[in-house]
Amino acid sequence: MSIAEVLKRAGYATYMSGKWHVTKQVGHWSGVADLTSKHNWPMQRGFDRFYGTIHGAASFFDPVTLTRNNTPIGPVAKDYYYTDVISDNAARFISDHLGSKRAGPFFCYVAYTAPHWPLHALPEDIARYKGRYDNGWDTLRTERHKRMIEMGIIEAKWTLTGRDPYVKPWERARNKPWQARRMAAYAAQVDRMDQGIGRIVEALKAGNALDNTLILFLSDNGGCAEEIGARWGGLHIPRKTRDGRSVRVGNDPNVLPGPEDTYQSYGRPWANASNTPFRRYKHWVHEGGISTPLIVHWPARIKTTGQLRTQPGHLIDIMATCVDVSGATYPVERDGQRIRPMEGRSLVPAFDNKPIDREAIYWEHEGNRAVRAGKWKLVAKGRNGRWELYDMEADRTETDDLADRHPERVKRMAGMWQTWARRANVLPWPQDKAKRKKRRD
C-alpha cells in the first residue's frame, strides 16, 4: 500500500504534487491501448488531490503526462516552469487544507523532478552561478570535501576517492565554458526548487502548522552520470517546443543548456563532484549511488536543532516512520488479499539519537546488490559481480575491499542478501523468469 492509503485510513487528508513515476500505465500519451488504465494513478492510490506527471523525466517547460487529479492537462501559462508549479500546487493544497473549518491531520508528498535532466533552468537562476564553476570539477571536489569535514558531515579518516578514471583532469578538459555552464544550470535547478520549498514552508507558517508538522526532505539517489546523446528518444523528450522550435537533444558543446529548446545532462564529471567523497553514481549501490542526506524538521517533537544523526536509514523507512508518528495501523490485508508486512523501520528513535533496531538494510537496483549490517557493507556491481566488503566506520568511501580477509563474513552476508531477495521478490531475476516462460511456451 502507499503511505497515502495507510494514512487516509487514520483520518488524514492526502495530497501530492510532482512526478508519480511508479506505473507503466501512463495514459493516452503512450499511444498503446494496454497502457491507458488509471488504476495505479495517485487518486486511485490514496490521494485526495493530485497535480503532476504520471511519467518520470520530462521537459520542465512542457512536461508530458501532466495531470490534475485524473484529468490530463497541459501547461497553460506562457512562462510555465514545472518546478515552480509543483511548489505552488503543494503550497495551495496546504493552504486550502489549513484554511478549512474542519482541518485535521494531513500528508503532502512533493516529488520534484529537479535537478534531474534535462538541464532546464531559468536565466535569472543560471546567472547567479555565472563563474562559480569556472575552476572545474577537481577544485569543486576538493572544496566540498574540506567543507564537509569541517561541518562534521564526513570523517577526515575516510579517504577521498580518486577522480573517476573516465573523467579528464580539469586542466585537460575541452569546452570549458560549456562544461561550467552545465553545472551552473544544474545548480540553478536546485536553487529554484529551494525557492519553492520556501513557499511551502510559508504556507505552513501562515496556517500556524509549521512547528507541529513533520517535514522530511531527501533525494532519491546519488548524482547521475548519464551523458545524453543526440539519438536519445522517448516519451519524455519532446521534439518541438510549445512555440514550434526543434528541441536540440544531446550534450552538444556548441549548445548552452538551460533553454526550452535544449535537452542535456551534466554528465559524469559533475556527478563525480556531486558525489564527493564517494564512488560511483545513480544506478549502482555503492555509496555514490545510494547515499543521500535526510533533513528532518519537527520542532514540536524534536527539541534539538542543527544536529547530525549517523544512523543509516533507507527510503522504506519513510512508510514505517509515517505509520509510527501518525498512530496509523499498517493493514494485514486489503480487499481480501494479504499484504506483505513493512520491511522498513521507524526513524523516530534517531530523532532522539537512539539506535534503530534492525537486522540489516538491503538494496537491489538494476542487478546491483548490497547489504549493510552494523558497520559492515557487502556490495556488488551487477548481478554477477564479485562481492566487495567494507568497514563503513573506518572506510565509508569504500576504498579498502576486505572481502579476501573476511571470507566467512562475506559468505554469511551474501546468504542474508539471498534470503531477503527471495522474500522481497527480487529473486528469481526477471530475465530468468522470462527465459523459463519462453521454454514452457
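Residues numbered from 1 in each chain as written. Predicted model: local features only at pLDDT ≥ 70, side-chain atom pairs only at ≥ 80, totals over all residues. Heavy atoms only, no water.

## Things to note about the overall build of the protein chain
Alright, step 1. The helix and strand tally for the protein chain stands at eleven helices and 15 strands.
Alright, step 2. Relative to a compact globule of 441 residues, whose C-alpha radius of gyration would be 22 Å, the protein chain shows 23 Å and is just as compact.
Alright, step 3. In terms of principal-axis extent, the alpha carbons of the protein chain reach across some 60 × 60 × 60 Å.
Alright, step 4. By the burial criterion, 47% of the 441 residues in the protein chain qualify as buried.
Alright, step 5. When contacts within the protein chain are restricted to residue pairs at least 6 apart in sequence, those whose partners lie at least 24 apart make up 67%.
Alright, step 6. With the model as given, the accessible surface of the protein chain reaches about 22800 Å², and the carbon-plus-sulfur share is 51%.
Alright, step 7. Between the centroid of the 70 positive side chains of the protein chain and the centroid of its 50 negative side chains there is a distance of 3 Å. (Helix = DSSP H or I, 4+ residues; strand = E, 2+ residues; numbered from the N terminus. Rg over C-alpha atoms; globule rule 2.2 N^0.38 Å. Buried < 20%, exposed > 50% of the residue type's maximum accessible area, 1.4 Å probe, protein only. Contact = heavy atoms within 4.5 Å. Areas by Shrake-Rupley, 256 points an atom, 1.4 Å probe, with all protein chains shown as cover. Lys, Arg positive; Asp, Glu negative; His and termini not counted. Charge placed at Lys NZ, Arg CZ, Asp CG, Glu CD.)

## Some points on the nonpolar core
Alright, step 1. Tyr133 and Trp270 are the most contacted members of the largest nonpolar core, which has 49 residues in total.
Alright, step 2. Excluding residues within four positions of it along the chain, Trp270 makes contact with Tyr133, Gly136, Trp137, Leu140, Trp170, Gln179, Ala180, Arg182 and Met183.
Alright, step 3. Within the second largest apolar cluster, 28 residues are counted, among which are Ala4, Tyr12, Met16 and Trp298. (Core = buried A, V, L, I, M, F, W, Y, C linked by side-chain atoms within 4.5 Å.)

## Thoughts on the pattern of salt bridges
Alright, step 1. The full count for this structure, using the stated rule, is 33 salt bridges.
Alright, step 2. For Arg423, the salt bridge is made with Glu343, and the minimal N-O distance between the two is 3.0 Å. Placement of the pair is Arg423 in helix 10 (residues 407-423) and Glu343 in the loop between strand 11 (337-338) and helix 9 (348-351), with a sequence separation of 80 residues.
Alright, step 3. For Arg423, a relative accessible area of 38% gives the class partly exposed.
Alright, step 4. Where salt bridges share partners, they join Asp84, Asp88, Glu124, Asp125, Arg128, Asp191, Arg192 and Arg199 into one cluster. (Salt bridge = Lys/Arg side-chain N within 4 Å of Asp/Glu carboxyl O.)

## Here we look at the side chain of Thr262
Alright, step 1. Relative to the elements of secondary structure, Thr262 occurs in strand 8 (residues 262-263).
Alright, step 2. From its side chain, Thr262 meets the backbone oxygen of Pro259 in a polar contact 2.7 Å long.
Alright, step 3. Not counting residues up to four positions away in its chain, the partners in contact with Thr262 are Leu119, His120, Val247, Arg248, Val255, Leu256 and Pro257. (Polar contact = N/O pair within 3.5 Å; in protein donor to acceptor, adjacent residues only side chain to side chain.)

## Overview of the sheet that holds strand 14 (residues 376-380)
Alright, step 1. Strand order across the open sheet formed by four strands is 12-13-14-15, with antiparallel pairing between neighbours. Whereas interior strands pair on both sides, the edge strands pair on one side only; in this sheet they are strand 12 (361-365) and strand 15 (388-391). Ignoring which end each strand starts from, the neighbouring axes of this sheet average 15° apart.
Alright, step 2. With four bridges joining them, strand 14 and strand 15 adopt antiparallel strand pairing. Across the sheet, residue Val379 finds its bridge partner in strand 15, namely Glu388. (Pairing = 2+ DSSP bridges. Axes fitted to C-alpha atoms, helices over the stretch in contact; angles between N-to-C directions.)

## Some details on unusual backbone geometry
Alright, step 1. Cis geometry marks the peptide bond from Trp117 to Pro118, where omega comes out at 5°.
Alright, step 2. Looking at the element boundaries, Pro118 is found in the loop between strand 5 (106-111) and helix 3 (123-127).
Alright, step 3. Note that the residue after Thr276, namely Pro277, is joined by a cis bond; omega there is 5°.
Alright, step 4. Tracing the backbone shows Pro277 in the loop between helix 6 (267-274) and helix 7 (287-290).

## A few points about the pairing of strand 12
The two faces of a sheet get side chains in turn, since along a regular strand they alternate between them.
Alright, step 1. Across five bridges, strand 12 lies against strand 13 (residues 368-373) in antiparallel orientation. Paired with Tyr362 across the two strands is Val371, which belongs to strand 13.
Alright, step 2. If you look at the hairpin formed by strand 12 and strand 13, you'll find two residues sitting between the two strands, and Glu366 has a positive phi there, around 50°.

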